[in-house]
Amino acid sequence: MSLILIAALPFLGALLPGLMIRSGRTACAWATASVTLTALIGLLVHAPAVMRGEVIQYQLEWMPLLGLNVNFFLDGLGLLFAGLILGIGLLIIIYARFYLSRQDPMGQFYTYLLLFQGAMVGIVLSDNVLLMLIFWELTSLSSFLLIGYWKHLPEGRQGARMALAVTGMGGLALIGGMLILGNIVGSYDLTVILQNKELIQASPLYLPALILILLGCFTKSAQFPFHFWLPHAMAAPTPVSAYLHSATMVKAGLFLMARLWPVLAGTPEWFYIVATTGLITMVLGAVIALFKDDLKALLAFSTVSHLGLITMLLGFGTPFAAVVAVFHIINHATFKAALFMSAGIVDHETHTRDIKRLGGLRHLMPVTFTIVMVAGLSMAGIPLFNGFLSKEMMLDAATDAAWNGNHWLVPALATLGALFSVAYSFRLIVHTFLGPKRDDYPAKPHDPGFGMWAPPALLAVLVVLIGIMPALMVGPLVATASSAVIGGELPYYSLKIWHGVNAALFMSIAAVAGGLVLLALHRPLDAAWIRARRPEAKTIFDAMMRAVTGAANALTDGLHNGAMTRYAAVFTLAVILAGSAAWFGGTNPAPAREALAIGPVPLIGWILLMVATVCMVAFHRNRLLSLVLMGIVGLIVSVAFAYMSAPDLALTQISVEVVTIILLLLALNFLPKQTPVESGSARRFRDGTIAVLGGLAVGGLSLAMLLSDFSQESISAFHLANSKPGGGGTNVVNVILVDFRGFDTFGEIIVLGIAALVIYAMTESVLNSPVGVWLKKRPINPHEAGDRHPLMMVVATRVMMPIALMVGVFIFLRGHNEPGGGFIAGLIVAIALVMQYMASGFDWATARQRYPYHMIIALGVFAAAFTGIGSWFADRPFLTSNYGYFQIPPMGEFELATAMAFDVGVFLCVVGAVMLALESLSRFAHRAGDRPSPYPMDIDPSRDLPQEAKDA
Amino acid sequence: MSADMALWQEIVLAVFLVTAGIFGLVGSFGLIKLPDPMTRLHAPTKATTLGVGGVLIASMLYFFFAKGHLSFHELMITLFLFLTAPITAHFLAKANLHTDVNRDAVPPPAGDRPWAGFESDEARRIAEDKASKGA
Amino acid sequence: MILTSALIFTTGCFALALLMNLWRVVSAPGVPDRILALDTMVINFIAILVLYGIIEGTAVYFEASILIAMVGFISTVAYARFMLRGNIIE
Amino acid sequence: MIARILPHPLLTLTLVVVWQMLVNYVSLGTLVFGLILGIVIPLITAPYWPDRPRLKNPAMIVEFILVVLWDIVVANIVVAKTILFTRNTSMHPAWISIPLDLRTPEAITVLAGTITMTPGTVSSDVAADGRSLLVHCLDAPDPDAVRDEIKQRYERRLKEIFE
Amino acid sequence: MNHWIIAPVLLPALIAAVIILAARYQVALQRVFSVASTVGLLGISTGLLIESMSGRIGVYELGNWPAPFGIVLVLDRLSATMITLTSALAVAVVLYAIGSGWDKRGHHFHALFQFQLMGILGAFLTGDAFNLFVFFEVLLIASYGLMIHGGGAVRLRAGVQYVLYNLLGSTLFLFALGTIYAVTGTLNMADLALRVAELPADDTAMIRVAAILLLLVFAVKAALIPLHFWLPATYAEAPAPIAALFAVMTKIGAYAIIRMYTLVFGPDVAVTADIIGPWLMPAAIVTLVIGMVGVLGATHLGRLAAFAAVGSMGTLLIAVALFTPQATTAALYYMIHSTLAGAALFLVVDMVRARRLSEDDAIASRPAIAQNGLIAAYFFATAIAMAGMPPLSGFLGKLLVMDAVRAHDLVWVIWAAILIGSLIAVVGFARAGSMVFWKVETPPEGTAEDAAPHAPAAALPFVATGALVAGIVALTVFAGPVTAFLSDTSAQIFDRQSYIAAVMETPRAIEAENLPLEGTKK
Amino acid sequence: MEYLLASAIGAMTAAGIYLLLRQRTFPVILGISMLTYAVNLFLFASGRIAINLPPVLLNKTPTYTDPLPQALVLTAIVISFGMTAVVVLMGLGAYLSARTDHVNLNEGQDDSAEAGK
Ligand code: NA
Ligand code: NA
């Protein structure tokens, strides 16, 4: 079977459980198991070849640009691990079928499990470190789901998060390490990396890479000081613990250390970091395990300890130690998985995992007892069981290790670790199964059904078989796997029970003896342990997480506290600072242009503008006054435009100005009329400083700009030259607007149209909310003057509106050749309509409005767009204009330009948008009691006249 | 301003301009000098209108003298100002009546309903209802 | 020469008037006074623009003048209505 | 029919004139176009001017305009004098209430506008029933005289024109 | 003549006009138009994308005026990629909005949506600096309306801030454009590139100011620290489908930075070389960190998603700030990824909101929501993507970025920021996900029936969100071909000459009648 | 002239910024409007200034001022008008809905608001 298929099968299979769960739990389990079994068979097919020393490869390009490819290879190490993952996985699937209760969503469980399995297989088969990283992180994610599987348990959620945080952190460090590694070698392919030991170890980046990679390994394999997550992950259902924490996930770190052993090991850095960490972890884990009353916690810490042991072996950096490590990986997987499953059985049957509430189960659960005894003795390192073999070899390897020249430290600590290992292993057996039967078990214990005990039993059998016939059982596997780790000649070693009388034997005996003594002394020691104050990893972690989350929250909410004033201040300062830095980093030549003379008229304008501006700031709290002052500023600006040869701008500015003021007045009607004093003087000083800085910067930039010349000729020379011959108009600004840059104008009218739609939509939503109800019900302001629709105003409007419309038509028609155009005309017409609204009121005027403003906007957009599209029929781009002169007899020569049709669109859009906006806004003022006025004016004495007098 | 003109033309123009300037200035001065809002209202509505009117006539004459072409634009502005000035004044007077004026000092109208600005919406509604019932 | 002097004089008058108006806008005791000052200011601006047209000998500023007149009227009315009724379109 | 096409003939005339002023020169083309607009625009705005006031005596308009123009000139001089040379303390501002004989809104508006543009008076409000006009005088030692003059000089003429 | 280039701008504009003209009050009709337009846009964009693959740069001279005098639209691989991404996102978002009923919560949703698309697509296509401003405004003003769609006090207040902030941005844009025009006398981007390169050596201050101001403008859009303050509240308070669409809005900033600072102020333009990249990089790093810290510190899902968006912009801008072809490839890949993932995340957040009693999105336990499992799965997938965890495109994008910065001076800082940022995000997402989906409250007794959270039955939201997730998966699976295309894209981006040549192939000036221009140096 | 224009632009910018930093929507909007005036003049000034040379080809002046910035400013004026309209309305809507016109989200309900009565 192709390697990619082996890796992909669990992922593809992950879809099955969800589908199969409807066919029942057993069918679901079988479907899941068959997936794993298929993959396992596919793997084993390759075993003979791998045993022969071949390396099976599979390559598929994924992201060649990055060097991330779907490259897999299968060597001895991969075979060993993949076999463990799939083999034990198969047993776990069967076991879980019986372990999980009816309430547990089994489909989900198997899905997560297969995802995890796939990720693990992916790690061990990857021939590309980036690919491996993906699988690596996937194990973190899928284990997050598995650990948190019982989501109603807070421990499950917390344990899952903790595991994810710690292993996730390691995984991210690993990314850094792998990238460096790939960087040094120039390839992310593992086979390439593994051939470049010298290059890697000589690189100055070796140490950072090593540290980052080891961070990944240590966190995954629960090495001190990252060991604390593992026990908390025990909140997971036991099949998960058995799988993840005996055979697979925690072994991923070991796998990676083994995988990279050929290129990373052998340096003092490697030795001191890896071996020391392993040693400490081994001893610490064993010590804590002794004092754990929870079966699974005990097993978890024992796992920590054994992982430490294997890490230490890999850390020694010697080929022999590496072989031992591989061997112990196999052994640990077998006995620890069996023990976890048995612990699960005990929990399942007695409804407790507390050793202090157990004891005497030997009689009630003989089968379980047998399994636990076999596996437990193996864990203790008692002869005839496989754990003994690798422990002896470990002690042997430890005697060869010198720590900073000290030859007894490592062996002594290794023995100490072994001693505690013996103690907790025996405690597990003795305190749970031996002793008198009790009558206060939470549930009546008995052995489970075959399906549940068979998987651990099978492992127990393996424990014994390997223990008795190591060479026969696993000799070839150890050899191939080890040679893959070492990447060269295997050292001398032999897998057998009796190695003769050597140092290791004495250390072993001491460990067993000491362990039994410790067990005997357990009660007082336990009391002392409970009394002793020691750092609780979970408390520390929780406190840290709380602190970090709290700090994150404080920082986030503190920075983004919704204070617009601060955001604006930061914005302004950032712009000023960045702009100034850019300016002072460059050079600015002396002024090239001579300043124009200052005439009296502009000087007056300037004085007025400055005074109005200053007053606006000074009196800004009086809102009406500041609005008036703003109107003055606008007026001066538009006159300034007129003065500075921009009549079109003057017209536009002034007409926009009045609509803006009307808009603001409509709004101000509902807003407070005064702005309260809220800023202290320090704050005002700060704001003033920013304002002055900004003013100086902009003023300075303006001056520099005004006194300099274009460095190259401006493109507008073209516009001046082609306005008449190309665009058919003499008002170059208008020709630019409707022709040269008509597309800008198209966007601009759409902006206006959108503005009106937004205003309309918002008005609707406010008026349809409780606010609208409140607005309608609000009492009439007794301070309002009477006379809503004054007679004089109405009459004046009747005359002025037609005149204004006429002016609008005039301005529109002349726009192409003289100042004016659709935009200004639109505003004038809108102003005329507003006048009507102001005179006779909203209801009366709206009732006489024949075309909805929405429609006018849309028609405007259409007119503009279809004028543009029209040019497609002449095979010209959008908005290509054409113009011509036509004779209409009584009126003389007329110019017609398509640009004028475009301008009609502009006109319509402006009228529609302005009116829709104002109309929407004025609807706020409607009160519930308001009657639509039937008359254009409130006072009309002619209504009292007899009918004939009116007709006369 | 390069056009050549006869002296009398210049004098005529100057008279209009100077008069206009004086009136413009007086109007704005009155705005500051006069004692209460209602009296202040008189100053600009009249003096200023005439001031700007003078300038507009001067401009019309200028273009006629200088270019021989009678411009109507100025006439239009003048017309417009004359049309709007009373409305503006009317509104401002109403505003003054509303905010600053002692209502007792204002003589009552001939009929039984008050000045429009003094009649509340509620009172107007009642009066209108009564009128429509009577009709 | 006469014309030039007259133009300068008149421009000066209206300039002074404008300053007075602005002063009034800022310092007036009541809002109607301010609106009145603003209205006067607009009219004086028109005068200045027309004078400038004479000085420059161009008629190009008339549209601006017409528009300013129209717009000045509307905004004055709007301000006054705001004073009177709060709501300017009802 | 004519009324439907020309709801306000005088307005049409005004618009034609306005168009000439805008275009700033007179030709057949501009006249025709102005006429077209003068007809079309009132049609568009007709809904906003529903009733159609008729002029009884249009010839009087000319006389009325001349009177008013003269009064405006006088008004300005008077007001300028008052501003410049009368001490604030020696002024006699006064309110006067003018009962109206005019009934059409257009006529009342013209009267009010005229009052505002002429000597020392500003029309300030209309009575809620439209039967009186409130006028403020800048300096009127004898308010009744002012009232009579307004009625005599302007309202009488307007009455003749409009009603 | 290939008129298709302008179709992405015209189609939504016309459809919007049709909607407001003919379907103002018929939501069903609006939906039909809106979906048809969006799907049509996707088709057109895809066609243009395929066309752009040839490597030829398409230029559309509006009004038949030659560049630089008129406005041009330019279709190159970059703009084609961006419009396709936008159209694809729009299809998902519009379907979600319809399925969730969001479009009925106020007026003019579909019209504004189409206008918004017009603005975005126009911004990607235009080759004119001022026209870019216009399209920015189109998309912004439509976004204002969409942001406050549905109303409500908090949303309106947040909306006011959003508008005010962006008004500042627009003002700054005009300052920058004024400065640019004052120095160079042109607005066409290709012409600008030519002219900036020819600037006299002693006259650099002004163009430097222009370059930096423009950068700040785009930085506002791209939510670069310290100009990102508009984003969190806006994204958190906006209707979710709109927040999802906004995922592409920040990318406009990034796009504009890539475009402007490769073409006009490229890394080889000495005048500005020392201020663009060197300023952008540290800010991008801080953005990343702030964003990820925000993910951890968030107490509401909306804010969490918003800060995830900020963080992803940080990562993206790190890649952009290098201004190398390799890093730009990474940036583009990450851009596509974070658009899809960020949008999907917002939709998932909305699904949670829609099913909670009070429509709140607090990261706290509540009674179990309907379809908890499926939504949790979506959340898990999008969280993985946003946090940059394997196997989804976020991880690949992150690797590409990290790989691309290897040679940079700040490589260690960047790597640390990216990796630690990912870690913080992972923890934050895990915390949020486990609180919201795992830790469910049992509803108080007796209220079980009527207090049962409403479960919108429609499948459309799931389909729409699923489509985005599928997009992420596709982006992951086809990372090879995608990156190959993007690599060609960045090669084209850095080949300024071909862009300039394509746009400026018409004669530089047609001087029919030489009218002197005041202020132009001769 | 250039000095007058530049200083006016600077002054309006300063006033705009100061108002922008106020805490209520109304002054902030006025501040933005001031900034808009300033930036429109700035953009206009990018074509430099010329007196009495409007780019209308009917007036046969010897030269013309730069028409392009004028067209740009026109577009900018229109756009900023639309923007102002929207923000004014949104500010009003926010005030009516939230009973406060504070621009800062972290400021609580405003009891002084007229709407609250
Ligand atoms: Na009078
Ligand atoms: Na054209």
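Everything below is about the structure printed above this text.
Because the structure is predicted, anything quoted here is derived from the model rather than measured.

Caption draft 1: Inspection of the overall build of chain C at higher detail. A tally of regular secondary structure across chain C gives 3 helices and 0 strands. Counting from the amino terminus, chain C carries its helices and strands in the arrangement α-α-α. Computed over its C-alpha atoms, the radius of gyration of chain C comes to 16 Å, more than 25% above the 12 Å expected for a compact globule of 90 residues. With the C-alpha coordinates of chain C rotated into their principal frame, the extents come out at 50 × 30 × 10 Å. Residues classed as buried in chain C amount to 82% of the 90 residues present. Here the contacts in chain C between residues at least 6 apart in sequence split such that 47% fall between residues at least 24 apart. Averaging the coordinates of the 4 positive side-chain charges in chain C and doing the same for the 5 negative ones gives two points 15 Å apart.

Caption draft 2: Just the coordination of the sodium ion (ligand 1), in detail. All names here are of chain D. Distances from the sodium ion (ligand 1) to its protein donors, namely Ile115 (O), Thr116 (O), Thr118 (N), Thr118 (O), Thr121 (O) and Thr121 (OG1), fall within the range 1.7 to 3.0 Å. For the sodium ion (ligand 1), the 6 donor atoms are set out with angles of 64 to 153° between them, so the coordination reads as irregular. Along the chain, the residues donating to the sodium ion (ligand 1) are arranged with the sequence spacing I-T-x1-T-x2-T. You can call Thr116 buried: its relative accessible area is 0%.

Caption draft 3: Region of the structure containing the packing of aromatic side chains. Considering all chains together, one arrives at 60 aromatic pairs over all chains under this definition. Among the aromatic side chains, those forming a connected cluster through ring pairs are Tyr144(E), Tyr162(E), Trp230(E), Tyr235(E), Phe246(E) and Phe346(E). For the cation-ring pair, Arg48(F) lies above Phe710(A), with the distance from its terminal atom to the ring centre recorded as 4.4 Å. Here Arg99(F) stacks its cationic end above the ring of Trp774(A), 4.3 Å away from the centre of that ring.

Caption draft 4: Examining the packing of helix α33 (residues 742-767) of chain A against helix α3 (residues 67-98) of chain F more closely. Following both chains from N to C, one finds α33(A) and α3(F) inclined at 10°, their axes separated by 9 Å at the closest point. Considering their axes alone, α33(A) and α3(F) lie roughly parallel with respect to each other. Of the residues in α3(F), those touching α33(A) at Asp744(A), Glu748(A), Val751(A), Leu752(A), Ala755(A), Val758(A), Ile759(A), Met762(A), Thr763(A) and Val766(A) are Thr75(F), Val78(F), Ile79(F), Phe81(F), Gly82(F), Met83(F), Ala85(F), Val86(F), Leu89(F), Met90(F), Gly93(F) and Ser97(F). Within the contact of α33(A) with α3(F), the residues separate by chemical class into 15 nonpolar, 5 polar and 2 charged.

Definitions and cut-offs
Residues numbered from 1 in each chain as written. Chains lettered and ligands numbered in written order. Predicted model: local features only at pLDDT ≥ 70, side-chain atom pairs only at ≥ 80, totals over all residues. Heavy atoms only, no water. Helix = DSSP H or I, 4+ residues; strand = E, 2+ residues; numbered from the N terminus. Rg over C-alpha atoms; globule rule 2.2 N^0.38 Å. Buried < 20%, exposed > 50% of the residue type's maximum accessible area, 1.4 Å probe, protein only. Contact = heavy atoms within 4.5 Å. Lys, Arg positive; Asp, Glu negative; His and termini not counted. Charge placed at Lys NZ, Arg CZ, Asp CG, Glu CD. Donors = N, O, S within 2.8 Å, 3.2 Å for Na, K, Ca; no water. Tetrahedral: all angles 85-135°; square planar, octahedral: opposite > 155°, others 65-115°. Phe/Tyr/Trp six-rings, centres within 6.5 Å; stacked < 30°, edge-to-face > 60°. Lys NZ or Arg CZ within 6 Å of the ring centre and 35° of its normal. Axes fitted to C-alpha atoms, helices over the stretch in contact; angles between N-to-C directions. Parallel < 35°, antiparallel > 145°, perpendicular 65-115°, else oblique. Nonpolar A, V, L, I, M, F, W, Y, C, P; charged D, E, K, R; others polar.

Remember, this is a structural readout, not a statement about activity or role.
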